[in-house]
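Structure assessment
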Amino acid sequence: MEYLDFELPIKELEEQLEKCAIIGEESDVDVTETCKQIEKKLHDTRKDIYKNLTAWQRVQLSRHPNRPYTLDYINAICGDTFLEMFGDRTVKDDKAMIGGLGKIGDQSFMFIGQQKGYNTKTRQYRNFGMANPEGYRKALRLMRSAEKFGVPVVAFIDTPGAYPGIEAEERGQGEAIARNILEMTRLKVPIICIVIGEGASGGALGIGVGDRILMLENAWYSVISPENCSSILWRSWEYKEQAAEALKLTANDSKKLKVIDEIIKEPVGGAHSNREKTFDTVKNKITSTFEVLKKLSPKELVDQRMKKYSEMGVFNG
C-alpha cells in the first residue's frame, strides 16, 4: 500500500496496530484492549482526514497509483462479456483510448475511456492516458456503431489531457476533439459520462459530452491541471495548491457550477481503498441512470442534451 503525504498519520497507526497484533501472537500478554484503542484512533483519524480534504489533496487521490483505471471498471462491471475493438480505420490503434461492447445483465453498452498504465512500461504503452487524434476518432467510430445498433454509450474519463505533441497537432488533434464534441451532442442514443480520475482540458471533453455527467468524489474536472495553471500564473509549480483551490475543480465545485449532474460517493480512503465497493457503486449508477434515459425518444435525448449544454455558463448578474 502506498501512502500520500497527508495519509502518513494513518500509516503510523496501521503500523502500530500491526505491531500490537504481533506482540499478542508472540507472547502471553493480553493486548486486546490496546489494539481496540488503536483501532478506534485509526478509525477517527481516517474519518477526520478524508472529511476535510483540500482540492489539492483530492487531485493527489485522483492520481493515486493504486486507483482503478478504465479497464479495471469495465472488467469488473462486464466480466467476460467485454469485447474490445481497435483502430480508427485511418491511422492506427491508439492504446491510450480503449473501447468495446460489454454487458451489464442483459443490457449491452458501448464502453469507451482513456486508459493509463500501472508501471513504467505500461505507462509508456498507454502514453500516460493521453490520447492522440486517432484515439478520439476511434472513440467516435465506436459511438457511431453504437448509434447504428441502438446501444447506449458509457464513457470513462481519466486523462491528464490530450497528447500535446507536434505529431498529434499535425494529424488534427483540435479538429478530432471538436468533431467528437459536435457529434456527441447529436448522437441518438443515451450517453453516460463518468469522471473516474483526472478530467483535464479538451482531452476529457473529447469523450465528455453526455446526457448525464457523473463524477467520483475524489476525481477532478477542469480546463487545466493545477501544476500548469501555477506555471502560467506564477511561473512556478510551487503554487499548485493555490491553483487547485482557485480552479474549482473538485466534484462539489463542479456540481455547484452545474458542470456535472451527480457525485458518486467513494469508500473512505478513496476508490482504491475498497475497489469492489467502488465497482458495485459505479455499476449500479450506470444501471439506474440508463433506466431513466431509456424512456426518452432519440429526439428527446438530443433536445435535452442540446438544452443542457446551451445553458452551461449562463450567468444572471
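About the thresholds
Residues numbered from 1 in each chain as written. Predicted model: local features only at pLDDT ≥ 70, side-chain atom pairs only at ≥ 80, totals over all residues. Heavy atoms only, no water. Helix = DSSP H or I, 4+ residues; strand = E, 2+ residues; numbered from the N terminus. Rg over C-alpha atoms; globule rule 2.2 N^0.38 Å. Buried < 20%, exposed > 50% of the residue type's maximum accessible area, 1.4 Å probe, protein only. Contact = heavy atoms within 4.5 Å. Areas by Shrake-Rupley, 256 points an atom, 1.4 Å probe, with all protein chains shown as cover. Lys, Arg positive; Asp, Glu negative; His and termini not counted. Charge placed at Lys NZ, Arg CZ, Asp CG, Glu CD. Salt bridge = Lys/Arg side-chain N within 4 Å of Asp/Glu carboxyl O. Phe/Tyr/Trp six-rings, centres within 6.5 Å; stacked < 30°, edge-to-face > 60°. Lys NZ or Arg CZ within 6 Å of the ring centre and 35° of its normal.

When helices and strands are tallied, the protein shows 14 helices and eight strands. A compact globule built from 317 residues should have a C-alpha radius of gyration of about 20 Å, and the protein, at 21 Å, falls within 12% of that. Burial status across the protein gives 49% buried among its 317 residues. Counting only contacts in the protein whose residues sit at least 6 apart along the sequence, the fraction spanning at least 24 positions is 72%. For the protein, the accessible area works out to roughly 16100 Å², and carbon and sulfur atoms hold 52% of it. Averaging the positions of the 46 positive and the 47 negative side-chain charges in the protein gives two centres separated by 7 Å.

Before going further, it helps to spend a moment on the pattern of salt bridges. In the structure shown here, the tally under the stated rule is 23 salt bridges. The salt bridge involving Arg 63 is made with Glu 227; its shortest N-O contact spans 2.5 Å. Separated by 164 residues along the polypeptide, Arg 63 in the loop between helix H3 (55-62) and helix H4 (70-78) and Glu 227 in helix H10 (residues 226-234) bring together distant segments of the chain. Residue class for Arg 63 comes out partly exposed when judged on its relative accessible area of 29%. For Glu 227, a relative accessible area of 10% gives the class buried. Between Asp 303 and Lys 299 there is a salt bridge, and its shortest N-O distance comes to 2.8 Å. Of this pair, Asp 303 and Lys 299 both sit in helix H14 (residues 298-310), four residues apart, roughly one helical turn. Members of the salt-bridge network, linked through shared partners, are Arg 137, Arg 144, Glu 175, Arg 179, Glu 183 and Arg 186.

Turning our eyes to something else, we now look at the packing of aromatic side chains. This model, assessed by the stated rule, comprises seven aromatic pairs. Measuring from centroid to centroid gives 5.2 Å for Tyr 73 and Phe 279, while their planes differ by 80°, and the two rings are edge-to-face. With Tyr 73 in helix H4 and Phe 279 in helix H13 (residues 275-293), the pair connects residues that are 206 residues apart, well separated along the chain. Across the pair, exposure class does not vary: Tyr 73 and Phe 279 are buried alike. With 5.9 Å between their ring centres and 45° between their planes, Phe 109 and Phe 111 make a pair best called tilted. According to the relative accessible area criterion, Phe 109 is buried, its value standing at 2%. Since its relative accessible area comes to 0%, Phe 111 is described here as buried. Of the aromatic side chains, those joined through ring pairs into one cluster are Tyr 73, Phe 109, Phe 111, Phe 156, Phe 279 and Phe 290. One residue, Lys 308, lies across the ring of Tyr 309, its end atom 5.9 Å from the ring centre.

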